[in-house]
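Remarks on the overall topology
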Amino acid sequence: MDLSFSPEYEAFRKEVAGTLAANAHLAPTPDDRGMKNSKRQAWQKLLIEQGLAARTIPTEYGGYGAEPDILKSRIIAEEFARTGLPRAMSNQGISMLVPTLLELGTPEQKAAYIRPTLHGEMIWCQGYSEPGAGSDLAALRTAAVSDGDEYVINGSKIWTSTAKQADMIFCLVRTDPSAKKHEGISYILFSMETPGIEVRPLVDMTGTANFNEVFFTDVRVPKTGIVFAENKGWQVANATLTHERGMLGDPNATKARLVELVELMKTERVNGERLIDDPLLRDRLLKLQGEVYAMQANGLRITTHNLKKESAGLAGLIVKLMGCELNHEIARLAIDALGELGIMYETGEHLRADGSWQSRYMYDLGLIIGGGTAQIQKNIIAERGLGLPREPKLAKA
Amino acid sequence: MEFALSEDQRMLQDSLSGFLKDAAPLDTIRKIATGDKSSAAALVSGLDDFGLSGLHVAEEHGGLGLGLLDACLVQEALGYAIAPSRFMATTVTAHALRNSGEGHLPAIVSGAMRMGLALTELSSRRDGAGVSAENGRLTGTSLLALSAEESTHMLAADTSGSLHIAQTPDNVAMQTIDRTRIFSEVRFAGEESAASLKPDDEVLAVARLLAAADTLGAAQAMIDKAVAYAAERQQFGRVIGSFQAVKHMCAEMASRLEPSRALIWHAAHALDTGEPEGLVMATLAKSHLAEAGTFIARTSTEVHGGMGFTDLVGLHYWFKRIGVNRQLFGSPEQCRHDAARLQGWLEPA
């Protein structure tokens, strides 16, 4: 057990801190809205040039080209957290499509898509879930029928975030309806400007359209968009799903929320008393602090497993389930602590923290469900982590 | 940066667990729990061969010079096997004496001094209990003292929070739900304080951390038993572990305990390296493990169905060990209150 960093890494931390300090004035602000905002794109370009974004992606594809180093990545994340400067862009194209293309894309696909995606010039959306294929993703039915050099796509997708802004989609379609359900799926890339695509915003409980529905009617797309091979889309998708779950439940983000909650409870007063002086609320706060400590320590343990290229086992499998639940509980306490004023939302002079605790409370429930529901996570933990048997398949009627 | 156990630590854990698996099967624990002194003595003398009494004593005083992380691994193994042991009392005392020079340490290492712990009144004082120290002599009672029976000396807290080492006075056993360990009422009647130490938050934090580590082990044992039972027991023509209702109970137990393990390691390491957050982490580790442990104790029992409720399976010994650890050295609420105090959250701004 040694939680210190060697001199090499301490020097690296200084270098990162220096780069961030020297360029802080160029950082976009919350007013720089939109996924293709020029200031945000310029910041992303600068971060890539300095090795603070797209760090391990080869230079030929527009990355920085460094050797993978988990500790350096960790130090970079810590320095962004410490300075509060906006991090590198993170979207589904960067975090899910790029790793997939690096592993399985054709040379043409890599050359065409990775660089503009990393630089925030090409936005992607993910076409996985369908109205009839949620937890049972492999039941998807959106059909791609071969016609010469093209497929003709019909069907619909749901839970598609950034579909409105997206230039391109990476999409799962059924190319062989007669094969077993996992074996007739293909992973295909195509333009969202193709005729026959309709995007309808899906307003969720937060009042915002964080997601969309996407409808395909006789959408003709080139076959060159297939990644890896026709009917091998399930393997391709699985590579990226692992990645998505890894993104949810980051303990450092949870820690930041707890710090905000502590600050709220130390400054907000009811009947002249600080919220933290209420023993019942304080007890709940300390309970959550214990859980945050545990998830942070669990995160350190996972980092070490990753460094040694070992599986983190149960410690890794539980992160999405426990992390998302903890975020939700932190928001719940913030709302309870605010009491009557905790119900204010969106606008008003008595609103606290822009109403963010209410929107987080609701959005976090969405994350408990999304990216593999809590119940699916428990199946995975029990089956892969504890070795319990799968549910027997029902005999065909 | 490495957040993992060392090779030596894994070996310590494996060899101790291996020994306990053979030396403390459930039959032996049953005998001990029903008052068989010779079984208890045999187990204790076997454990002595591991040098546990000097584990957390500096090498210059004859000990192994190992830290609290190692101590937590030992306590976890003892909790897994629900074995009786003086280890918790010895280790807390060694920690209390860590800065006080040679003093009693060699005698503790050699086993000439066998320690008990009378710290209950640091977190709650009631029924007229409380030890006072006047002119270097202790009077008054302490409740639920740990390992007092057959000890030679006690580490006892007085009502001002100062700690003393004194000869073990008259004591009577107090019957708790947990029969794997003996708790006592100790009655000081003017015993001399052989060492007097200033109030020290770290001593209570260490006692709490070890109690948490004991729960970690006991709770892991209960998960292992539940998973094994779920994978074997058949109802409706299939093993019950293939039903999601049962599977999810097992997943919930594992999900609560796995981060708790990392928390114990981190808290112990933080105290070992003098990180300022160590006290808060150890205190919250106690309350956190109390909550996770209680959840696992009931859930594992439920996974076992009716058999879990019987004496036959013996699961209740683990259930009760976890139940006692939950209250020992302060309830979860008390620990959380103390953690708030340690962070300065109780003082008005």
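No experiment lies behind these values; they were computed from the predicted model shown.

All names here are of chain A. Topologically, Thr-254 is positioned in helix α7 (residues 251–267). Looking at Thr-254, its side chain comes within polar contact range of the side chain of Asn-327, at 2.8 Å. Excluding residues that lie within four positions of it along the chain, Thr-254 makes contacts with Val-292, Gly-323, Leu-326, Asn-327 and Ile-330.

With that settled, the discussion passes to the state of the cysteines. In total, this model carries zero disulfides over all chains according to the counting rule given. Here A:Cys171 is not cross-linked by a disulfide; its sulfur's nearest cysteine counterpart is in A:Cys125, at 8.0 Å. Distance from the sulfur of B:Cys72, which forms no disulfide, to the nearest cysteine sulfur (B:Cys335) is 14 Å. The exposure class assigned to B:Cys72 is buried, which follows from its relative accessible area of 3%.

Further remarks concern the pairing of strand β2 (residues 143–147) of chain A. All names here are of chain A. As paired strands, β2 and strand β3 (residues 150–158) are joined by five bridges and run antiparallel to one another. Each bridged residue has a counterpart across the sheet, and for Val-145 the counterpart in β3 is Val-152. Counted along the chain from β2 to the antiparallel partner β3, the turn is two residues long, and its residue Gly-148 has a positive phi close to 65 degrees.

Turning next to the domain arrangement of chain A. Here the domain parsing of chain A yields domain 1 (7–89), domain 2 (124–232) and domain 3 (248–385). When each unit is reduced to the centre of its C-alpha atoms, the spacing between domain 1 of chain A and domain 3 of chain A is 26 Å.

All right, on to the environment of A:Ser38 then. In this structure, A:Ser38 sits in helix α2 (residues 38–49). When the C-alpha positions of A:Ser38 and A:Pro28 are compared, they lie 9.2 Å apart, and in sequence the two are 10 residues distant.

Core analysis: the biggest nonpolar cluster contains 187 residues, and A:Tyr187, A:Leu189, B:Leu20, B:Leu119, B:Leu155 and B:Phe329 have the highest contact counts within it. The element that contributes the greatest number of residues to this core is helix α8 (residues 201–230) of chain B, accounting for 20 residues. Those residues in contact with B:Leu155 that sit more than four places away from it in its chain are B:Val92, B:Thr93, B:Ala96, B:Met115, B:Gly116, B:Leu117, B:Ala118, B:Leu119, B:Leu163, B:His164, B:Ile165 and B:Val203. Core analysis: the next-biggest nonpolar cluster, separate from the first, contains 20 residues, A:Ile123, A:Cys125, A:Ile188 and A:Phe190 among them.

Turning to the environment of A:Arg332, a few remarks are in order. All names here are of chain A. By the secondary structure assignment, Arg-332 is in helix α10 (residues 319–338). Along the backbone, Arg-332 and Tyr-361 are 29 residues apart, and their C-alpha atoms lie at a distance of 6.3 Å. Ignoring anything within four residues of it in the chain, the contact list for Arg-332 reads Arg-284 and Tyr-361. At 2.9 Å, the side chain of Arg-332 forms a polar contact with the side chain of Glu-329.

Conventions used here
- Numbers given for residues are sequential positions, taken from 1 along each chain in its written order.
- Chains and ligands are labelled by the order in which they are written, letters from A for the one and numbers from 1 for the other.
- In view of the model being predicted, local features appear only for residues whose pLDDT reaches at least 70, and side-chain atom pairs are presented and counted only at 80 or more, with totals across whole chains, interfaces and linings using the full set of residues.
- Remark: hydrogens and water are excluded; side-chain values derive from all non-hydrogen atoms of the structure.
- Segments assigned H or I by DSSP are reported as helices when at least four residues long, segments assigned E as strands when at least two residues long, and all are numbered from the N terminus.
- Pairs of N or O atoms within 3.5 Å make up the polar contacts considered here, provided that, within protein, one atom can donate a hydrogen while the other can accept it, and that residues adjacent in sequence are counted only when both atoms are side-chain atoms.
- The contact criterion used throughout is that any non-hydrogen atoms of two residues lie within 4.5 Å.
- Any two cysteine sulfur atoms lying within 2.5 Å of each other are counted as a disulfide.
- Note on exposure labels: buried denotes an accessible area under 20% of the residue type's maximum, exposed denotes more than 50%, and partly exposed covers the range between, all computed with a 1.4 Å probe on protein chains only.
- By this definition, two strands are paired if DSSP reports at least two bridges between them.
- Where each domain begins and ends is defined by an automated method or by a domain database.
- Residues enter a nonpolar core if they are buried and are Ala, Val, Leu, Ile, Met, Phe, Trp, Tyr or Cys, with the set joined through side-chain atoms within 4.5 Å.

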